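So you can see what is in the structure, the chains are spelled out below.
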Number of protein chains: 2
Amino acid sequence: MATDSVVEGLRARVRELEEELNRVRRHETHRAKIGKMSAEVVDSNPYSRLMALKRMGIVQDYEKIRTYTVAVVGVGGVGSVTAEMLTRCGIGKLLLFDYDKVELANMNRLFFQPHQAGLSKVEAAEHTLRSPPQSKKKVHFSFSIFGQSLESFFFSSNFSKGGLQEGEPVDLVLSCVDNFEARMAINTACNELGQIWMESGVSENAVSGHIQLIKPGETACFACAPPLVVAANIDEKTLKREGVCAASLPTTMGVVAGILVQNVLKYLLHFGTVSYYLGYNAMQDFFPTMSMKPNPSCDDKYCRQQQEAYKVSLCRFISHSQGQIQRCLRMDLPVLLCKMVAGKRRLNRES
Amino acid sequence: MATDSVVEGLRARVRELEEELNRVRRHETHRAKIGKMSAEVVDSNPYSRLMALKRMGIVQDYEKIRTYTVAVVGVGGVGSVTAEMLTRCGIGKLLLFDYDKVELANMNRLFFQPHQAGLSKVEAAEHTLRSPPQSKKKVHFSFSIFGQSLESFFFSSNFSKGGLQEGEPVDLVLSCVDNFEARMAINTACNELGQIWMESGVSENAVSGHIQLIKPGETACFACAPPLVVAANIDEKTLKREGVCAASLPTTMGVVAGILVQNVLKYLLHFGTVSYYLGYNAMQDFFPTMSMKPNPSCDDKYCRQQQEAYKVSLCRFISHSQGQIQRCLRMDLPVLLCKMVAGKRRLNRES
């Protein structure tokens, strides 16, 4: 028979350990919920440095960030940092898609930690992103986008109903995948929905990357000027050799995620100039920009439909009478765009 | 008196809790130590994607990264991401300097987590950076660089003796601070030592930034063309108003940290073109580059000494005889540089 003091000592130790365990666990997952974005300049306000963008005259209505939903497809070297930046900027809702698991081989990039090896990337990202207090609401999906049946309808249904309000579409889709098959599936879904999206990519030798804004019908889609692998219908899995892997650097991926999310903020919050294409050549520190018109003979039928719809909206803008619209629709896109620019100039002179 | 079974139950619970606590804590601080950088392409190898840079023909000797020490002054929005990138790239040794504590107001940038609020930034960074397995050895310092006596000798002694080998200098110093006083202290220390360093900065409105490589005597130092606040000897603390804070974005800071560490990798591992100055204008996605020669009338006497030493080394390169060196030293730096370029061209033609 034990004495009461032994039992009391053991009970005290159990309480102590339980408290310690709770404390350690809280440190891992602590998340203060904050209802309103405050502009108050105090050390305890996680929004003060974001809301300062208003006082500095950069963004007119920063709080609007809380009303937007962004879908991030691919939560690897670029996608994970993209998701973290959006969370810390206070995005309303984030949808994450990835089929893959965290590996130690990913540790040369930012974000994932060695103890997360073996977890799904979406699950690990959720754990990390739960912590910063900026995000109001986050929903996460996990799905194989490399399965036997890589279908664009999976993306269509999630993009068209995944918004902050139930059944509403998302505001923007970001592609952070590392292969053409997944890009083509996202492209098809976005063309079908008329969903604006941004593409991103990093080269296999790790020293260049790019971002691209795609507005279906208005700009070239991913299929309008496809990479050789896609155009020649080559199965890209046959290109990967056993024992050979792509190089990657946290620097290049951090820069690409940074310019991607910067473009997202400029697009959603209406400030600065949104880039249609911005490249990054790390060897020479060269950052090319360009924009590309859609291909009228694009293989994607939804892209061709969106081009027609865009032409109609342009013609409506230029002229209101039915007869003029018919004449207008027979014109080429570049001619229409010139007409629109000339019309805007005339309006500016008159006003 | 309690029964033996109660005691046994409590003892089992204590064991269970201790194991659970250890498991949770291990997850927080787990770090696999890896002696050699392996190029093997397996999911468990954290170096495979870095070593692939050799096979891709980008870097000749990636392993050399393990022999270098980099000092990072300022562990805020840029410095913390810089330190994480360097760690994940496998840097040999990292020295971190900061006086400040983590605040919730920092949560709109990458890296720090809300549960670290109140910890010193260096302490919190050490905890996070202990985890990735790439780094062989890391040493951390914490010191107020904003105290009553902001002295460059503190930096001098740490930079000159902080290398991987005891008593050796560091290989590179990175300035990631947010004020001119600290930049001037780093500048003085580096001029005195002839220590090559890189400057970085982000504007108060959060939408532009830059990096700059400074080679004492060869390029302009921070005092050669000082900002107005420094030139006019204004105490910058008088410029800060109560209740007003600077804006900041994780995007801009991520891009600046990315181009900074990319420049570090290119400089240390000899690939690509190292930038002397690279700016980032986020509003227009404009990335200006330039280089600046030192000011012969620089206020910093160490800078003027380094300029003289650089002229001597240039003259030695151009001509070996003593008489010629004396003539050569009377020439201006631009004339000397032209002579050197011409000499190199002649050598190339002859070989």
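Think of each chain on its own: its residues are numbered from 1, step by step along the sequence as written. Whichever chain is written first becomes A and whichever ligand is written first becomes 1, with later ones labelled in order. It should be noted that, the model being predicted, local features are given only for residues of pLDDT at least 70 and side-chain atom pairs only at 80 or more, the latter also being counted only at that level, while totals for whole chains, interfaces and linings use all residues. In computing side-chain values, all of the structure's heavy atoms are included and hydrogens and water are not.

### Overview of the overall build of chain A
Item 1. In DSSP terms, a helix is any run of H or I states spanning at least four residues, a strand is any run of E spanning at least two, and both are numbered starting from the N terminus. Along chain A, the regular secondary structure elements total 11 helices and six strands.
Item 2. A 1.4 Å probe rolled over the protein chains alone gives each residue an accessible area, and that area as a share of the maximum for its type sets the label: buried under 20%, exposed over 50%, partly exposed in between. Classification of the 351 residues of chain A by burial places 51% in the buried group.
Item 3. The contact rule is simple, with two residues in contact once any of their heavy atoms fall within 4.5 Å. Restricting to contacts in chain A with at least 6 residues of sequence separation, those with at least 24 account for 64%.
Item 4. As displayed, chain A offers around 16000 Å² of accessible surface, 51% of which is attributable to carbon and sulfur atoms. Exposure was quantified through the Shrake-Rupley algorithm and a 1.4 Å probe, taking into account, for residues, occlusion by the shown protein chains and nothing else.

### Looking at the relation of the copies chain B and chain A
Item 1. Note on the copies: chain B fits chain A at an RMSD of 0.3 Å, the axial shift is 0.1 Å, and the rotation between them is 180°. Expressed as an axis order, the relation between the two copies is that of a two-fold axis. The least-squares superposition of copies is restricted to C-alpha atoms, and to residues with a pLDDT of at least 70 in both copies.

### Concerning the nonpolar core
Note that soluble globular proteins tend to have their nonpolar side chains buried in a common cluster.
Item 1. We define a nonpolar core as any set of buried Ala, Val, Leu, Ile, Met, Phe, Trp, Tyr and Cys residues linked to one another through side-chain atoms lying within 4.5 Å. With 118 residues, the main nonpolar core has Y62, V70 and L174 of chain A together with Y62, V70 and L174 of chain B as its most contacted residues.
Item 2. Not counting residues within four places of it along the chain, the set of residues in contact with L174 of chain A comprises V70, A71, V72, V73, T82, L86, M198, L260 and V264 of chain A.

### Considering the pairing of strand β1 (residues 69–73) of chain A
Residue and element names in this part refer to chain A.
Item 1. Buried residues dominate β1, accounting for five of its five residues.
Item 2. Side chains of β1 alternate between two faces, with T69, A71 and V73 and V70 and V72 buried alike.
Item 3. With five bridges connecting them, β1 and strand β2 (residues 93–97) associate as parallel partners. Following the sheet pairing, V73 is matched in β2 by F97.
Item 4. Seen with the strands pointing away from the viewer, any crossover whose path from the first strand over the helix to the second strand runs clockwise is right-handed. In the classification by handedness, the crossover that spans β1, the intervening helix α3 (residues 77–88) and the parallel β2 is right-handed.
Item 5. Across four bridges, the pairing between β1 and strand β3 (residues 172–175) is parallel. Residue V72 lies in a different strand from β3, and its bridge partner there is L174. Strand pairing is assigned whenever DSSP identifies at least 2 bridges connecting the two strands.

### Examining the interface of chain B and chain A
Item 1. At the junction of the two partners, chain B supplies 90 residues and chain A supplies 91 residues.
Item 2. Two parts lose some accessible area (1.4 Å probe) when they are put together, and adding that loss for both gives the buried area. For the pairing of chain B and chain A, the buried interface totals around 7900 Å² over both sides, and the portion due to carbon and sulfur atoms is 65%.
Item 3. The rule for a salt bridge is simple: a side-chain nitrogen of Lys or Arg has to be within 4 Å of a carboxyl oxygen of Asp or Glu. Here chain B is connected to chain A by four salt bridges.
Item 4. The residue K266 of chain B makes a salt bridge to D285 of chain A at a minimum N-O spacing of 3.4 Å.
Item 5. For the side of chain B that touches chain A, the secondary-structure elements that each account for two or more residues are α1 (4–29), α2 (48–55), α3 (79–88), α8 (250–269) and β6 (277–281) of chain B.
Item 6. Top element by residues in the side of chain B that touches chain A is α1 of chain B. It accounts for 16 residues.
Item 7. Under the grouping applied here, Gly and all other residues not named as nonpolar or charged are polar, the nonpolar ones being Ala, Val, Leu, Ile, Met, Phe, Trp, Tyr, Cys and Pro and the charged ones Asp, Glu, Lys and Arg. Split into classes, the residues belonging to the side of chain B that touches chain A amount to 47 nonpolar, 25 polar and 18 charged.

### A few points about the sheet that holds strand β5 (residues 208–214) of chain B
All names here are of chain B.
Item 1. Taking strand neighbours across the sheet as the criterion, the six strands line up as β2-β1-β3-β4-β5-β6 in an open arrangement whose pairing is mixed. Each edge of the sheet is formed by a strand with only one pairing partner; in this case those strands are β2 (93–97) and β6. Mean inter-strand twist for the sheet, computed between neighbouring axes without regard to direction, equals 15°.
Item 2. Comment: axis = line fitted to C-alpha atoms, over the contacting stretch for helices; angle = value between 0 and 180 degrees taken between N-to-C directions. Most of the contacts of helix α6 (residues 180–193) go to strand β4 (residues 197–202), to which it runs at about 170°, and overall it touches β1 (69–73), β3 (172–175) and β4.

### Here we look at the packing of helix α6 (residues 180–193) of chain A against helix α9 (residues 301–318) of chain A
When two helices pack together, their arrangement is given by the angle between the helix axes and the distance between those axes.
Residue and element names in this part refer to chain A.
Item 1. Axis separation between α6 and α9 bottoms out at 8 Å; the angle between their running directions is 35°. Remark: the crossing between α6 and α9 carries left-handed chirality. Judged by residue contacts, T188, N191, E192 and L193 of α6 engage Y302, C303 and Q306 from α9.
Item 2. Broken down by class, the residue content of the contact of α6 with α9 amounts to three nonpolar, three polar and one charged. Each crossing gets its hand from how the near helix is turned against the far one by less than a right angle, where anticlockwise is left-handed and clockwise is right-handed.

### Digging into the state of the cysteines
Residue and element names in this part refer to chain A.
Item 1. When two cysteine sulfur atoms lie within 2.5 Å, the pair is treated as a disulfide. A complete count under the given rule lists one disulfide over all chains for this structure.
Item 2. Across a sulfur-sulfur distance of 2.5 Å, C315 and C328 are joined as a disulfide pair. Of note, the bridge from C315 to C328 carries an S-S torsion of about -90° and is left-handed in sense. Remark: C328 occurs in helix α10 (residues 322–329) and C315 occurs in helix α9; sequence separation between them is 13 residues. A single burial state applies to C315 and to C328, both of which are buried.

### Side note on the packing of helix α8 (residues 250–269) of chain A against α8 of chain B
Item 1. Look at α8 of chain A against α8 of chain B: their axes get within 8 Å of each other, and the N-to-C directions meet at 155°. By the angle between their directions, the pair α8 of chain A and α8 of chain B is classed as roughly antiparallel. Pair α8 of chain A / α8 of chain B crosses with left-handed handedness. Contacts between α8 of chain A and α8 of chain B involve T251, T252, G254, V255, G258, I259, V261, Q262 and L265 of chain A on the former and, on the latter, T251, T252, G254, V255, G258, I259, V261, Q262 and L265 of chain B.
Item 2. Partitioned by chemical class, the residues of the contact of α8 of chain A with α8 of chain B number eight nonpolar, 10 polar and no charged. Angles are sorted into four bins: roughly parallel if under 35 degrees, roughly antiparallel if over 145, roughly perpendicular if 65 to 115, and oblique for all others.

### A closer look at α8 of chain B
Residues and elements named next belong to chain B.
Item 1. A helix is expected to span 1.5 Å for every residue after the first. If you check α8, its first and last C-alpha atoms are 27 Å apart, about what 20 residues at 1.5 Å a residue would give, namely 28 Å.
Item 2. Most of α8 is tucked away, with 19 of its 20 residues classed as buried.
Item 3. Phi for H270, located one or two positions after α8, is positive at around 55°.

### Re the pattern of salt bridges
Item 1. For the structure shown, the criterion picks out 16 salt bridges over all chains.
Item 2. As a salt-bridge pair, R183 of chain A and E199 of chain A come within 2.6 Å of each other at their nearest N and O atoms. Taken together, the residues span a long stretch of sequence, with R183 of chain A in helix α6 and E199 of chain A in strand β4 (residues 197–202) at a distance of 16 residues.
Item 3. Of the residues examined, E199 of chain A reaches a relative accessible area of 1% and is grouped as buried.
Item 4. Counted as one network, the salt bridges with shared partners bring together R13 and E16 of chain A together with E18 of chain B.

### Observations concerning the confidence of the model for chain A
Residues and elements named next belong to chain A.
Item 1. Residues at a pLDDT of 70 or more form 86% of chain A, whose mean pLDDT is 85.
Item 2. pLDDT runs from 0 to 100 and stands for how confident the predictor is about each residue. Across residues 28–32, where pLDDT falls below 50, the model places 17 contacts with residues more than four positions away in sequence or in other chains.
Item 3. Model confidence for the complex: the whole-complex pTM is 0.86, and ipTM, which rates the interface, is 0.85.

### Considering unusual backbone geometry
All names here are of chain B.
Item 1. Even without glycine at this site, H270 takes up a positive phi of about 55°.
Item 2. For H270, the position within the fold is in the loop between α8 and β6.
Item 3. The phi dihedral of D285 is positive, around 50°, even though this residue is not glycine.
Item 4. Within the fold, D285 resides in the loop between β6 and α9 (301–318).

### Some thoughts on the environment of C224 of chain B
Residues and elements named next belong to chain B.
Item 1. Among the secondary structure elements, C224 is positioned in the loop between β5 and α7 (228–231).
Item 2. When the C-alpha positions of C224 and D299 are compared, they lie 7.1 Å apart, and in sequence the two are 75 residues distant.
Item 3. Sequence-distant contacts of C224, defined by excluding residues within four places in its chain, comprise P294, N295, C298, C303 and Q307.

### Digging into α3 of chain A
All names here are of chain A.
Item 1. Relative to the 16 Å expected for 12 residues at 1.5 Å per residue, α3 spans 17 Å between its end C-alpha atoms, a close match to the ideal helical length.
Item 2. Counting buried positions along α3 gives 12 out of 12 residues, so the element sits mostly inside the fold.
Item 3. All of the buried residues along α3 are G77, V78, G79, S80, V81, T82, A83, E84, M85, L86, T87 and R88.
Item 4. The positive-phi residue at the C-terminal boundary of α3 is G90, with phi of around 90°.

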